[in-house]
Amino acid sequence: MKILVSACLLGEDCKYNGGNNKNEEVIKLGEKHTLIPICPECFAGLPVPRVPSEIKDGRVYSKEGKDLTEEFFDGAEKSLYIAEETGCQLAVLKERSPSCGFGKIYDGSFSGRLINSNGIAAQLLYDHGITIIGESKIDKIKEYE
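Rules used in this analysis
- Residues numbered from 1 in each chain as written.
- Predicted model: local features only at pLDDT ≥ 70, side-chain atom pairs only at ≥ 80, totals over all residues.
- Heavy atoms only, no water.
- Helix = DSSP H or I, 4+ residues; strand = E, 2+ residues; numbered from the N terminus.
- Rg over C-alpha atoms; globule rule 2.2 N^0.38 Å.
- Buried < 20%, exposed > 50% of the residue type's maximum accessible area, 1.4 Å probe, protein only.
- Contact = heavy atoms within 4.5 Å.
- Lys, Arg positive; Asp, Glu negative; His and termini not counted.
- Charge placed at Lys NZ, Arg CZ, Asp CG, Glu CD.
- Expected span 1.5 Å × (residues − 1).
- Arc of directions from axis to C-beta.
- Core = buried A, V, L, I, M, F, W, Y, C linked by side-chain atoms within 4.5 Å.
- Polar contact = N/O pair within 3.5 Å; in protein donor to acceptor, adjacent residues only side chain to side chain.
- Pairing = 2+ DSSP bridges.
- Axes fitted to C-alpha atoms, helices over the stretch in contact; angles between N-to-C directions.

A. View of the overall build of the protein. Scanning the protein from terminus to terminus reveals four helices and eight strands. Reading the secondary structure of the protein in the N-to-C direction produces β-α-β-α-β-β-α-β-β-β-α-β. Whereas a compact globule of 145 residues would reach a radius of gyration of roughly 15 Å, the protein reaches 14 Å, a difference of no more than 12%. Across its three principal axes, the protein shows a C-alpha extent of roughly 40 × 30 × 25 Å. Within the protein, the fraction of its 145 residues that count as buried is 44%. Put simply, of all contacts in the protein between residues at least 6 apart along the chain, 62% involve residues at least 24 apart. Positive and negative side-chain charges of the protein, numbering 18 and 23 respectively, have mean locations separated by a distance of 5 Å.

In structure tokens:
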């Protein structure tokens, strides 16, 4: 099975602070599946490192107050294109991210509070029939094998 995966979970240094969210359990999925890394924020041309961003009132803002909504949608569309071109029907994405979070994301106040919502790329992928799983729930992949 081909699985779209947030590149930061595979150890790529594309996180907003220049680091990664390397997750050995996610990497181990590559033993049985083809993992296709994506970083919607990098696809949008945003730099690494970059100022953190959160979603508020349906728009994406950097902590400095810059509206990055268009960039986030651009990166989401490129991620969807890759999913469609490679035939991915499943994605393992970084939880809480304004791009990849699914179910819970930060509330836009940069205070660490979570709300029930989805990141821009996660929502677009989901709207196009792709199953989204956060990295803490990868045990659910067995249900799709």
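B. Geometry of helix α3 (residues 69–86). Compared with an ideal rise of 1.5 Å per residue, which puts 18 residues at 26 Å, α3 spans 26 Å between its outermost C-alpha atoms and is within 8% of the ideal. Buried residues of α3: Thr-69, Phe-72, Gly-75, Ala-76, Ser-79, Leu-80 and Ala-83, and no others. Considered in projection along α3, the buried side chains sweep an arc of 145 degrees and stay on one side of the axis. Residues Glu-70, Tyr-81, Glu-84 and Glu-85 are exposed on α3 and point more than 90 degrees away from its buried face. Considering only its buried residues, α3 is in contact with β1 (2–6), β2 (34–38), α2 (40–43), β3 (53–56), β4 (59–62) and α4 (120–127). Gly-87, located one to two residues past α3, shows a positive phi value of around 80 degrees.

C. Focus on the environment of Lys-15. Secondary-structure assignment places Lys-15 in the loop between β1 and α1 (24–28). It is 24 Å that separates the C-alpha atoms of Lys-15 and Gln-89, two residues lying 74 residues apart in sequence.

D. Region of interest: the nonpolar core. Formed by 24 residues in total, the largest nonpolar core has its most connected members in Leu-4, Leu-93, Leu-125 and Ile-130. Those elements that provide at least two residues to this core are β2, α3, β5 (90–93) and α4. Broken down by element, this core gets its largest block of residues, five residues, from α4. Apart from the residues lying within four places of it in its own chain, the contact partners of Leu-93 are Ser-6, Leu-9, Ile-38, Cys-100, Ala-122, Leu-125, Ile-132, Ile-133, Gly-134 and Glu-135.

E. Examining the side chain of Glu-41 more closely. Its place among the elements puts Glu-41 in helix α2. Within polar-contact distance, the side chain of Glu-41 engages the side chain of Ser-99 at 2.9 Å. The contact partners of Glu-41, leaving out residues within four places of it in the chain, are Leu-46, Arg-50, Phe-72, Ser-97, Pro-98 and Ser-99.

F. Local environment of the sheet that holds β5. Read across the sheet, four strands follow the order β2-β1-β5-β8 without closing on themselves; strand pairing throughout is parallel. One side of each edge strand has no neighbouring strand; the edge strands of this open sheet are β2 and β8 (131–134). Strand-to-strand twist in this sheet, taken as the mean axis angle between neighbours without regard to direction, amounts to 25 degrees. As defined by bridge partners, β5 adjoins β8 across four bridges and the pair is classed as parallel. Bridge pairing in β8 links Leu-93 to Gly-134. Helix-sheet contacts for α4 involve β1, β5 and β8, and the interaxial angle to β8 is about 145 degrees.

Geometric descriptors of this kind do not, in isolation, establish any biological role.
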